[in-house]
Structure formats: C-alpha cells, structure tokens
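# Coordinate analysis (summary)
Below are the chains, spelled out letter by letter.
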Amino acid sequence: MKLSHLVAIMIGFSSMMPIATFAADIEAGKAKSALCAGCHGPDGNSFAATWPKLAGQHANYLVKQLKEYKTGVRVDPTMTGMASILDDQGMDDVAAYFASQVSKPVAFDQSKIALGETIYRGGITQGSIPACMACHGPDGSGNAPAKFPSLKNQHADYTVAQLKKFRDGSRSNDTAGMMRNIAVRMTDDEMMAVAAYIAGLK
C-alpha cells in the first residue's frame, strides 16, 4: 500500500474518533512540570533550539511520547529518567498543562522558506514524498485524534534533529513507519528547508 493511501486511511479513521479527553488537572500539571522547566521552559517555550517546544502541543501526543520514553519505545536517557517518575495521572496532568500554554514565535532562516514551503505544501515528487500538511495540517497544527503533532513555531534545529533520527532509525516510534519512510528519502538541505518553514508557521 502506498504511503499516501495509508495516510488518507488514517486521517479518515481519525475524523470519526473523538479527541482523547483526559481526567487531567492543569494546575496540578503546572506544579508537576517544574522538573521540565529547566529544558522546556516554565510555559513550554524552551530556551534552546535543541529542546522541543511543548507549549500548545496536543495533550494526547505528549502523553504518548512520555509513555514511550518510560517504556523504552522512544529512547533518550534524560527523558527516560523524567518520564519514569510520572504515573499515568501525572503524565495526563503535565500534558494538559503544556497543551494549555501558548506557543511563541521562534527565529528561523528566511532564505530557506521558499523551498520549505514547496515541500510542506506539495511534497517532493521525485522522491514520492507526500506533502507534510497532509498529516500536520495547512497551518502546522497537526491532527490530535490521529496523534500527529503540531509543528508550528517549533525550533528548526529540533525538527531537523528528529528528521535525521527518523532517517537513521534511531527514532522509530512513528505510526507504521511513516516518518521513517519519508525521512530516508530526504536530503539534509530539504530537511533544513522544511524545518525553517515549519518554524515560521503560526
């Protein structure tokens, strides 16, 4: 089955599913997120471009990542340790807190956004790579029911780092290998361009 067909099927199913609701306490999540603030910022707007911004991210996507760090499906020594101290309620609370915050604009390389826009909105024909917006939306807000993350305002350096991890297989927690199948056919220049465009989405 072609990747584009798989994406269409998943989006179709996700449209029939309610957005996951959490018995979460935002205020409790704010308190529990204190340990996260050192890297991700007190409101989820991280200080350094190597650390992802969490503000405004879908809560169910954040919970998925935390659970996968805790179980070793997604590997990062720091995040594994952080996730290991949270129970399911703690994950729900922290995710709800960061989801409730407002993502702030970040710097990006203006010289790369023309190519980045072409890739994000139209894909790469010669590589049979679908448009990023098919899953992540025209404005980069993602698809919460399908657990496709919001990308807008994300640091370009972080986005490039994740694409490279998908490409080399060191990150493999993508549904049905979709991101790995895409990233393996992308050059560094293409990754940097689309990451710059994503960083400027609002």
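A brief look at the structure comes next. (Residues numbered from 1 in each chain as written. Predicted model: local features only at pLDDT ≥ 70, side-chain atom pairs only at ≥ 80, totals over all residues. Heavy atoms only, no water.)

So, on to the overall build of the protein. Each helix and strand in the protein was counted, giving 11 helices and 0 strands. Moving toward the C terminus, one meets the helices and strands of the protein in the order α-α-α-α-α-α-α-α-α-α-α. Within the span of the protein, comprising 202 residues, buried residues form 46% of the whole. A separation of at least 24 residues holds for 69% of the contacts in the protein among residues at least 6 apart in sequence. For the protein, the computed accessible surface area is about 10000 Å², with 61% contributed by carbon and sulfur atoms. (Helix = DSSP H or I, 4+ residues; strand = E, 2+ residues; numbered from the N terminus. Buried < 20%, exposed > 50% of the residue type's maximum accessible area, 1.4 Å probe, protein only. Contact = heavy atoms within 4.5 Å. Areas by Shrake-Rupley, 256 points an atom, 1.4 Å probe, with all protein chains shown as cover.)

What follows covers the pattern of salt bridges. Within the structure shown, the criterion is met by 6 salt bridges. The partner of D188 in a salt bridge is R167, with the nearest N and O atoms 2.6 Å apart. Of this pair, D188 sits in helix α11 (residues 188-199) while R167 sits in helix α9 (residues 156-168), placing them 21 residues apart in sequence. The class for D188 is partly exposed, based on a relative accessible area of 33%. (Salt bridge = Lys/Arg side-chain N within 4 Å of Asp/Glu carboxyl O.)

In this section: helix α6 (residues 88-99). Counted at 1.5 Å a residue, the expected span for α6 with its 12 residues is 16 Å, and the 16 Å between its end C-alpha atoms agrees. With 9 of its 12 residues buried, α6 lies for the most part within the structure. Listed in full, the buried residues belonging to α6 are G90, M91, D92, D93, V94, A95, A96, Y97 and F98. Along its buried surface, α6 packs onto α2 (26-32), α4 (59-71) and α5 (77-84). (Expected span 1.5 Å × (residues − 1).)

Here we take up the packing of α9 against α11. Where α9 meets α11, the axes come as close as 8 Å, and the angle between the chain directions of the two elements is 140°. In terms of orientation, α9 lies oblique with respect to α11. The way α9 lies across α11 gives a crossing that is right-handed. Within the contact between the two elements, α9 uses A156, T159, V160, L163, K164 and R167 and α11 uses D188, M191, M192, V194, A195, A196, I198 and A199. Residues that form the contact of α9 with α11 fall into these classes: 10 nonpolar, 1 polar and 3 charged. (Axes fitted to C-alpha atoms, helices over the stretch in contact; angles between N-to-C directions. Parallel < 35°, antiparallel > 145°, perpendicular 65-115°, else oblique. Left-handed = near helix turned anticlockwise from the far one by under 90°. Nonpolar A, V, L, I, M, F, W, Y, C, P; charged D, E, K, R; others polar.)

Phi at K147 is positive, roughly 60°, even though this residue is not glycine. Here K147 is to be found in the loop between α8 (133-136) and α9. For A176, which is not a glycine, the phi torsion comes out positive at approximately 55°.

On to the packing of aromatic side chains, then. A full pass over the atoms with the stated rule returns 2 aromatic pairs. Look at Y120 and Y197: their rings are 5.6 Å apart centre to centre, the planes differ by 50°, and that puts the pair in the tilted class. Of this pair, Y120 sits in helix α7 (residues 113-122) while Y197 sits in helix α11; the two residues are 77 residues apart in sequence, bridging distant segments of the chain. For the pair formed by Y120 and Y197, the shared burial category is buried. (Phe/Tyr/Trp six-rings, centres within 6.5 Å; stacked < 30°, edge-to-face > 60°.)

A cluster of nonpolar side chains, L35, M82 and I85, forms an exposed patch at the surface whose accessible area comes to about 290 Å². Relative to the helices and strands, M82 resides in helix α5. A residue is classified by how much of its surface remains accessible, and M82, at 31% relative accessible area, is partly exposed. (Patch = residues over 30% accessible without salt bridge, like charges linked within 9 Å, V, L, I, M, F, W, Y side chains within 5 Å.)

Among the secondary structure elements, A107 is positioned in the loop between α6 and α7. A residue is classified by how much of its surface remains accessible, and A107, at 72% relative accessible area, is exposed. Between the C-alpha atoms of A107 and A199, which are 92 residues apart in sequence, the distance is 7.3 Å.

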